[in-house]
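# Residue-level structural notes
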Amino acid sequence: MPTSHIDCSVVKTAEVIGEWWSLLILRNAFHGMRTFDAFQRQLDISSSVLSARLKKLTEAGVLQKVPSAADGRSFEYRLTPAGLDLYPIIIGLMQWGEKWRPNGRGDRLLLLEKATGEPIRGAEVLSADGQPLKAWEVEVQAGPGADEYVRELVGEA
């Protein structure tokens, strides 16, 4: 379904990372993967699909294609600042999957703070003073850039 007419931040984000191969590429990039061959081998993805997803993520400014330091003829894909800002989203998806789609054998991945070795708390929505908030504790209002679609969404139309 074409969504270009919808001016919504969730839609605009999903247009970039909403396809599941893109999410897996990002997951792997956060785990340090950088080369086309490594992505293809680990994900068992066709080269044409991988090329298309890497191109889209690069054009969107989520990944940057740079010459490999090890081999000037090949390239690496590195997370940009925009890509790094997606980390809480990837962690949130992972946490949701562990809670609601467990494998019955325990957590698939453990996320530990490097400095302490302690498990991280995870992705949360926080109040101005740092307290975790539930969805029902947040009020949504149309912002100054909202169009009629967004105003209708939040009940202000």
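So, here is what we can say about the structure in this document.

Summed over the entire model, instances satisfying the criterion amount to seven salt bridges. Here Glu19 ties to Arg53 by a salt bridge, and the two come within 2.8 Å at their closest N and O atoms. Of the two residues, Glu19 sits in the loop between helix H1 (9-17) and helix H2 (20-30) while Arg53 sits in helix H4 (residues 47-59), which places them 34 residues apart along the sequence. Between Arg151 and Glu156 there is a salt bridge, and its shortest N-O distance comes to 3.8 Å. On the basis of relative accessible area, Arg151 is assigned to the partly exposed category, the value being 24%. By sharing partners, the salt bridges in this structure join Arg34, Glu76 and Arg78 into a single network.

Bringing the packing of H2 against helix H3 (residues 36-43) into the picture now. Closest axis-to-axis distance for the H2/H3 pair is 11 Å, and the angle between their directions is 115°. Crossing handedness for the pair H2 and H3: right-handed. Contacts between H2 and H3 involve Trp21, Leu24, Ile25, Arg27, Asn28 and Ala29 on the former and, on the latter, Phe39, Gln42 and Leu43. Its residues placed into classes, the contact of H2 with H3 shows six nonpolar, two polar and one charged.

Next up on the list: H3. Of the positions making up H3, those classed as buried are Ala38, Phe39 and Leu43. All buried residues of H3 lie within an arc of 105° about the axis, which places them on one face of the element. Of the surrounding elements, those touching the buried residues of H3 are H2, H4 and strand S2 (75-79). Immediately downstream of H3, the backbone of Asp44 shows phi near 55°, a positive value.

The rules behind these values
Residues numbered from 1 in each chain as written. Predicted model: local features only at pLDDT ≥ 70, side-chain atom pairs only at ≥ 80, totals over all residues. Heavy atoms only, no water. Salt bridge = Lys/Arg side-chain N within 4 Å of Asp/Glu carboxyl O. Helix = DSSP H or I, 4+ residues; strand = E, 2+ residues; numbered from the N terminus. Buried < 20%, exposed > 50% of the residue type's maximum accessible area, 1.4 Å probe, protein only. Axes fitted to C-alpha atoms, helices over the stretch in contact; angles between N-to-C directions. Left-handed = near helix turned anticlockwise from the far one by under 90°. Contact = heavy atoms within 4.5 Å. Nonpolar A, V, L, I, M, F, W, Y, C, P; charged D, E, K, R; others polar. Arc of directions from axis to C-beta.

Just geometry here; none of it tells us what the structure is for.
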